[in-house]
Amino acid sequence: MKLWAGRFKKETDERVNDFNSSIRFDSRMYKDDIEGSIAHATMLGECGIIAMQESLEIIGGLKEILADLESGKLQFDPEAEDIHMFIEAELTKRIGDSGKRLHTARSRNDQVALDIRLYLRHEIADIKKLLVNLLETILQKAQEHTKTVMPGYTHLQRAQPITFAHHLLAYAQMFKRDITRLEDCARRMNECPLGSGALASTTYPINRERTAQLLGFSTPTQNSLDSVSDRDFCIELASALSIIMTHLSRFSEEIILWCSWEFKFIELDDAFSTGSSIMPQKKNPDVAELVRGKTGRVNGDLVALLTMMKGLPLAYNKDMQEDKEAIFDAVDTVKLCLNTFMPMIATMRVLPENMRAAAAKGFINATDCADYLVRKGLPFRDAYKITGQLVAACIEQGKTLETLEIGEYKKLSSLFDTDVYEAISLDTCVNGRKADGGPAEEPVKKQIDALKGFLAEMKE
Ligand code: ARG
């Protein structure tokens, strides 16, 4: 028998029952639902809306239900409409009439808006921790490779020399931004919708400050209509998660390239690679590929949420029940990916000789050669042109700028002297880039220190 049976003359069609039910996916919010109900019952008792004795009975009953769910003594009823109805019905089964008073001055609309916030609050904290771990892992690796020269690319063409530390730290910056994005999101959703009722608050003399305080929110929300129709916090979190996945996916793409025979800049640990069922020589970067693939799925969750909300009139509509599967899937996927990605990075073997060999090809010191002429007084555009002609000469003669004879240099400009070889050596090229944010050891160490400072603040 449904709680709402009074209004109805017929039983709900079984198909509608299954279609309507969300317990399959919202049961994971059981702790949050109970926590919210305990705060609500406490406030109802304190405000004299229900008797103190009843409030205490409700709280006792809810605590028992929580314990029984955790121990497995109590199982979710798949026939229940949702987690909220399930717990309320179970409470009434256990404590009788007092249980029926819990829903005074409350609706499932403010209840569910509260529960998702409580649930996501913990998930955000977990994801932040995983990102902090990843950032630490990256910093560790970066510290080992401040002198490891590699080619930096644009258009996937060798461009200018950098170090592996510098490259890794670019990702550290992305994950740092991701952490702060999650913090922003958590701060904005830290308002308590409880007391908004179905849409128009309530006539009971409730104390919304009190429930907000009991549940650790900074303040109650300000508009009851907005409170029950708002899912911005899900969309905002989903978009932060999509951006995290975008970063993981770009990193994965590079890992996949780097461990190919064409690059061989790194070697993934056997424990984080997979083989082929037919080709005995294969060692595949499946983890990185799956992370890249799952990015599409998280983007899909974000688009599902945006599309689900875009045409909804205020206030609550049942469409909004679809919020949970999308945001839970996004959260689960990001956690799963971070959990596997981090140790893959921690265990990968870096191959500095191959990185250096690749940096030695492709004329990635051409800008430095032009800069050499600029230092000798030539305008950059002229220096650029002469260097272009030098590169063409090298290609014609099958040489590099390092191996081209000084005579050939002098043919193009009398400003060239034998000190050009020193000026265009890879180490000079990298170490010369000392500007803040650059790949030379000094600014890279500065960057590492700043990131360490960020992590230390994070742990306070
Ligand atoms: N299971 C519902 C959901 O997740 C709870 C809210 C139901 N409210 C309602 N008015 N039917 O959205």
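You'll find the structure just up there.
So, how was this worked out
Residues numbered from 1 in each chain as written. Predicted model: local features only at pLDDT ≥ 70, side-chain atom pairs only at ≥ 80, totals over all residues. Heavy atoms only, no water. Helix = DSSP H or I, 4+ residues; strand = E, 2+ residues; numbered from the N terminus. Rg over C-alpha atoms; globule rule 2.2 N^0.38 Å. Buried < 20%, exposed > 50% of the residue type's maximum accessible area, 1.4 Å probe, protein only. Contact = heavy atoms within 4.5 Å. Areas by Shrake-Rupley, 256 points an atom, 1.4 Å probe, with all protein chains shown as cover. Lys, Arg positive; Asp, Glu negative; His and termini not counted. Charge placed at Lys NZ, Arg CZ, Asp CG, Glu CD. Expected span 1.5 Å × (residues − 1). Core = buried A, V, L, I, M, F, W, Y, C linked by side-chain atoms within 4.5 Å. Pairing = 2+ DSSP bridges. Near = heavy atom within 4 Å. Polar contact = N/O pair within 3.5 Å; in protein donor to acceptor, adjacent residues only side chain to side chain.

Colleague: Looking at this structure, how should I read the overall build of the chain?
Modeller: Counting secondary structure elements, the chain contains 19 helices and 6 strands. Taking 460 residues into account, the globule formula puts the C-alpha radius of gyration at 23 Å, and the chain, at 31 Å, lies well above it. With the C-alpha coordinates aligned to their principal axes, the bounding extent of the chain is approximately 100 × 50 × 40 Å. Out of the 460 residues belonging to the chain, those deemed buried represent 49%. Contacts in the chain between residues far apart in sequence, at least 24 positions, make up 75% of those at least 6 positions apart. As presented, the chain carries roughly 22500 Å² of accessible surface, and 53% of it is formed by carbon and sulfur atoms. Side-chain charges of the chain comprise 58 positive and 69 negative groups, with the mean position of each set lying 2 Å from the other.

Colleague: What am I meant to see in helix α3 (residues 30-46) here?
Modeller: Helical geometry: 3.6 residues make up each α-helical turn, so side chains three or four residues apart lie on a common side. An ideal rise of 1.5 Å per residue puts 24 Å on 17 residues; α3 measures up with 24 Å between its terminal C-alpha atoms. Counting buried residues in α3 gives 14 out of 17 residues, a clear majority hidden from the surface. At the exit of α3 stands G48, carrying a positive phi of roughly 75°.

Colleague: So what exactly am I meant to see when it comes to the environment of Q281 here?
Modeller: As for its placement among the helices and strands, Q281 is situated in the loop between β5 (266-267) and α11 (286-309). For Q281, a relative accessible area of 60% gives the class exposed. C-alpha of Q281 to C-alpha of T307: the two residues are 26 residues apart in sequence and 46 Å apart in space.

Colleague: Would you explain the nonpolar core in this entry?
Modeller: Among soluble globular proteins, nonpolar side chains are generally buried collectively. With 101 residues, the main nonpolar core has L120, L241, L248, F251, I266 and I327 as its most contacted residues. In this view, F251 contacts I138, L168, Y171, F175, W258, F341 and I345; residues no more than four positions away in its chain are not counted. One finds V391, L401, F416 and A423 within the second-largest nonpolar core, a separate group that totals 18 residues.

Colleague: What's the story with unusual backbone geometry in this structure? I'm lost.
Modeller: Across the chain, the bulk of peptide bonds are trans and the bulk of non-glycine residues have phi less than zero. Here the residue pair L314 and A315 is connected by a cis peptide bond, since its omega of 0° sits within 30 degrees of zero. Counting through the fold element by element, A315 comes out in the loop between α11 and α12 (323-347). In this structure, L156 is a non-glycine residue whose phi angle is positive, near 55°. By the secondary structure assignment, L156 is in the loop between β1 (149-154) and β2 (157-163). The class for L156 is exposed, based on a relative accessible area of 52%.

Colleague: What exactly am I supposed to notice about the pairing of β2 here?
Modeller: In the case of a regular strand, side chains alternate between the two sheet surfaces. Pairing of β1 with β2, which is carried by 6 bridges, proceeds in the antiparallel orientation. Each bridged residue has a counterpart across the sheet, and for G152 the counterpart in β2 is Q160.

Colleague: How do you make sense of the site of the ligand when you look at a structure like this?
Modeller: The environment of the ligand is formed by S22, D26, D82, H84, R108, N109, V112, Y316, Q321 and K324. Take D82: an N or O atom from its side chain is 2.9 Å from a nitrogen atom of the ligand. Residue N109 places a side-chain N or O atom 2.9 Å away from a nitrogen atom belonging to the ligand. Within the complex, 87% of the 350 Å² of free accessible area of the ligand lies under protein. Per-element accounting of the shell around the ligand gives the leading share, 3 residues, to helix α6 (residues 108-144).

Colleague: How do you make sense of the side chain of Q111 when you look at a structure like this?
Modeller: Mapped onto the elements of the fold, Q111 is located in helix α6. Excluding residues that lie within four positions of it along the chain, Q111 makes contacts with D33, S37, H84, H103 and R106.

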